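Survey of secondary and tertiary structure
Each chain is listed here by its residues.
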Amino acid sequence: MIRTAIVTVSDSAVAGTREDRSGPALETRVNELGWTVSARKLLPDEIQDIAAALIQLCDSGDVDVVLTTGGTGLAPRDVTPEAAGAVAHREVPGFGELMRAEGRKSTKFASLSRGVAVTRGKTLILTLPGSPRGAVDSLNAVADLIPHAVDLLHGRTEHSQTSTNTK
């Protein structure tokens, strides 16, 4: 079973002026995939806070995948990709490419997303858009790749068509 953490990055949700709808939408989808949510966090758009949370979650050994939502656009406070990059051991560019390609099928604005995928140790980090639909659609675009990625990160390197972590 894939263990996930969901991190919502939103100044307004932290301030209580906007409800976090993306985090719960991702949690619903994660549960539908048969994965578990081991941790949830709500953070402001601050590189240091995001980076510290990512380090803590990845280094705990308690999660296989960290899904962030928010902070991937072009606004000055959108810094989630920078925070993920600051703590990353390796980049996984194909995930971001696929998320944007799939997103363009429903909105031209998907090309403006700066969502990335990186690894830290044995954990995959995906930075997803801040809208509930964008976050879930982006996760859906790569969901079938995640079990194999997790297997590889955990040293299970058999290259079969199906992964041992699939539902």
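Bear in mind that the values here come from a model prediction, so they are computed numbers and not experimental data. (Residues numbered from 1 in each chain as written. Predicted model: local features only at pLDDT ≥ 70, side-chain atom pairs only at ≥ 80, totals over all residues. Heavy atoms only, no water.)

Overview of the packing of helix α3 (residues 47-59) against helix α4 (residues 80-87)
Viewed as axis vectors pointing N to C, α3 and α4 meet at an angle of 45 degrees, and their least axial separation amounts to 8 Å. The pairing of α3 with α4 is recorded here as oblique in orientation. Relative to α4, the crossing made by α3 is right-handed. Between α3, through I47, I50, A51, L54 and I55, and α4, the contact on the second element is made entirely by T80, E82, A83, A84 and V87. (Axes fitted to C-alpha atoms, helices over the stretch in contact; angles between N-to-C directions. Helix = DSSP H or I, 4+ residues; strand = E, 2+ residues; numbered from the N terminus. Parallel < 35°, antiparallel > 145°, perpendicular 65-115°, else oblique. Left-handed = near helix turned anticlockwise from the far one by under 90°. Contact = heavy atoms within 4.5 Å.)

A few points about the sheet that holds strand β6 (residues 123-128)
Sheet strands associate in pairs through backbone hydrogen bonding, adopting either a parallel or an antiparallel arrangement. The six strands lie next to each other as β2-β1-β3-β6-β5-β4, forming an open sheet whose pairing is mixed. At either margin of the open sheet sits one strand with a lone partner, and together these are β2 (36-43) and β4 (90-91). Note that strand β1 (residues 3-9) and strand β3 (residues 65-69) share five bridges and pair parallel. By the bridge assignment for β3, T4 is matched with V65. Docked against the sheet, α4 engages β1, β3, β5 (117-120) and β6, running at close to 165 degrees with respect to β6. Contacting β4, β5 and β6, helix α5 (residues 93-103) crosses the sheet at an angle of about 30 degrees to β6. (Pairing = 2+ DSSP bridges.)

Let's talk about the nonpolar core
Counting residues in each nonpolar core, the largest one holds 25 residues, and the members touching the most others are L124, L126, L139 and I146. Listing elements by their share of this core, those giving two or more residues are α2 (22-32), β3, α5, β6, α6 (132-142) and α7 (146-153). Per element, the largest residue contribution to this core is five residues, and it comes from α6. The next biggest cluster of nonpolar side chains, apart from the first, holds 19 residues, and it includes A39, I50, C58 and V66. (Core = buried A, V, L, I, M, F, W, Y, C linked by side-chain atoms within 4.5 Å. Buried < 20%, exposed > 50% of the residue type's maximum accessible area, 1.4 Å probe, protein only.)

Focus: the pattern of salt bridges
Tallying each qualifying case throughout the model produces 10 salt bridges. For D64, the salt bridge goes to R3, with nearest N and O atoms at 2.9 Å. Of this pair, D64 sits in the loop between α3 and β3 while R3 is found in strand β1, placing the two residues 61 residues apart along the sequence. For R3, a relative accessible area of 27% gives the class partly exposed. Here E46 makes a salt bridge to R77, at a shortest N to O gap of 2.8 Å. Taken as a pair, E46 in the loop between β2 and α3 and R77 in the loop between β3 and α4 lie far apart in primary sequence, 31 residues in all. By relative accessible area, which is 37% here, R77 ends up partly exposed. (Salt bridge = Lys/Arg side-chain N within 4 Å of Asp/Glu carboxyl O.)

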